[in-house]
Amino acid sequence: MSKPPLTLYLAAPRGFCAGVDRAIKIVEMALEKWGAPVYVRHEIVHNKFVVDGLRDKGAVFVEELEDCPEDRPVIFSAHGVPKAIPAEAARRHMVYVDATCPLVSKVHIEAQRHSDNGLQMIMIGHAGHPETIGTMGQLPEGEVLLVETPADVADVVVRDPQKLAYVTQTTLSIDDTAEIVAALRARFPAIVGPHKEDICYATTNRQEAVKAMAQNCDAMLVVGAPNSSNSRRLVEVGAKAGCSYSQLVQRAENIDWRALEGISSIGITAGASAPEVLVNEVIDAFRDRFEVTVETVQTAIENVEFKVPRVLREPA
Ligand code: 0CG
Ligand code: SF4
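Everything in this summary refers to the structure shown in the same document. (Residues numbered from 1 in each chain as written. Chains lettered and ligands numbered in written order. Predicted model: local features only at pLDDT ≥ 70, side-chain atom pairs only at ≥ 80, totals over all residues. Heavy atoms only, no water.)

Quick notes on the site of ligand 2
Cut-off, in case you're wondering: In this text, near means that some heavy atom of the residue lies within 4 Å of the molecule or strand in question. Only protein atoms enter the calculation, which uses a 1 Å grid: trapped sets of points that fit a 1.4 Å probe without letting it out are cavities, open sets showing protein on both sides within 12 Å along at least five of seven lines are pockets, and any residue with an atom within 4 Å of a point is a lining residue. A pocket or cavity is taken to hold a molecule when more than half of that molecule's atoms are within 2 Å of the pocket's grid points. Three classes are used: nonpolar for Ala, Val, Leu, Ile, Met, Phe, Trp, Tyr, Cys and Pro, charged for Asp, Glu, Lys and Arg, and polar for all others, with Gly counted as polar.
Close contacts around ligand 2 come from Cys 17, Gly 19, Cys 101, Leu 103, Val 104, Thr 170, Cys 200 and Tyr 201, and that covers them all. The pocket occupied by ligand 2, as judged from atoms lying within 2 Å of grid points, is the largest cavity. Its residues placed into classes, the shell around ligand 2 shows six nonpolar, two polar and no charged.

Printed below as a string of structure tokens:
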């Protein structure tokens, strides 16, 4: 029986960003340098396939520093950690490597600088996400006020409306964040913001590519994990940009083929923590069922790379 034709729009850029690439390399290089086990505080990046692969090589993933023995190295995840974490590792004389993405560290430095200048900080982000916890944890408890929605802006209680600054999580929706910033500026005209967005280049580019193809797609799949903020934002951006069926899938086996019956086009992208092998797995699953024509939708070219910390570049 002949297969139905399907145009598969493939977003570019998609998948791994420079911060994820670096964080995974840090774990691999730490395992080479120090041998197993190497401890990792929190999933190094939010992807089960990546984490399982590193676990097979000897990484041990834990949620708390207190679950790490003092005599083994520990790596902090790409999402960043509160200041108290490296301080505690140093107090316990542990070897630690910080895999926080440099673009998250930049936000940490910004928050500290504003606070040093006497400004109270507002963070736009999602409660409970490790990046939000890490960024808020750059300043003493209670110093950073969290705002998640435009409605939250109305309720926020500040010390002095003249002395305020904001930072954001790096993986938010560009458009939703613009609305929150507009609400902040309307209520606090003196508020100071980042020179350029805190939302990172990878988040921005992946959302742009999704916007460019969403209207042409009968359905859209984002390869990524349910706990991956940037991946979940891509699903939302796809739906908002006009694709009525926009879903997250971790693996090909999670695709709901019933829901895709009768489609003639599909959009595929991947969150910043999703490896390309999983994208290929999903494409192959479509090839099994359809006569697929792939069209790449390229809206940006990325050439960002981050160096791993010096301790890993030096011989043991
Ligand atoms: O998108 P978030 O911040 O949840 O993280 P993920 O690990 O999915 O990807 C980029 C990083 C770090
Ligand atoms: Fe860094 Fe952005 Fe990647 Fe997060 S999504 S690790 S901030 S480049």
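What to know about the packing of helix H1 (residues 18–34) against helix H2 (residues 48–57)
A pair of packed helices is captured by two measures, namely the crossing angle of their axes and the spacing between those axes. For the record, the criterion: A fitted line through C-alpha atoms represents every axis, and for helices the fit uses only the stretch in contact; the resulting angles, taken between N-to-C directions, go from 0 to 180 degrees. Working definition: helices are DSSP H or I runs of at least four residues, strands are E runs of at least two. Numbering for both runs from the N terminus. In what follows, roughly perpendicular refers to angles from 65 to 115 degrees, roughly parallel to angles under 35, roughly antiparallel to angles over 145, and oblique to any angle outside these ranges. Contact between two residues is taken to exist if any of their heavy atoms lie within 4.5 Å; hydrogens are not considered.
Packing of H1 against H2 leaves a shortest axis separation of 10 Å and a crossing angle of 10°. In terms of orientation, H1 and H2 fall into the roughly parallel class. In this structure, H1 uses Ile 24, Val 27, Glu 28 and Leu 31 to contact H2, whose residues at the interface are Val 50, Leu 54 and Lys 57.

Brief notes about the nonpolar core
The condition is simple: The criterion is simple. A nonpolar core is a set of buried Ala, Val, Leu, Ile, Met, Phe, Trp, Tyr and Cys residues joined through side-chain atoms within 4.5 Å. Each residue is placed in one exposure class: buried if its accessible area under a 1.4 Å probe, protein chains only, is under 20% of its type's maximum, exposed if it is over 50%, and partly exposed if it falls in between.
Val 27, Ile 44, Val 45 and Ile 75 are the most contacted members of the largest nonpolar core, which has 26 residues in total. Secondary-structure elements contributing two or more residues to this core are H1, strand S2 (38–41), H2 and strand S3 (59–62). Among the elements that make up this core, the one with the highest residue count is H1 (seven residues). Sequence-distant contacts of Ile 75, that is, excluding residues within four places in its chain, are made with Ile 26, Val 27, Ala 30, Val 38, Tyr 39, Val 40, Arg 41, Ile 44, Val 97 and Ala 99. Of all hydrophobic cores here, the second largest spans 23 residues; its members include Leu 221, Ile 268, Ala 285 and Phe 286.

Some remarks on the sheet that holds strand S10 (residues 246–249)
What counts, and what does not: Strand pairing is assigned whenever DSSP detects at least two bridges linking the two strands.
Pairing in this open sheet of five strands is parallel, and the strands run S10-S9-S11-S1-S12 from one edge to the other. The open sheet is flanked by S10 and strand S12 (291–298), the only strands paired with a single partner. Taking each pair of neighbouring strands and ignoring which way they run, the sheet shows an average axis angle of 25°. When strand S9 (residues 219–223) meets S10, the two strands line up parallel, connected through four bridges. Counterpart to Val 222 in the pairing with S10 is Leu 248. Here helix H10 (residues 276–289) sits on the sheet in contact with strand S1 (5–12), S9, S10, strand S11 (265–270) and S12, set at roughly 165° to S11.

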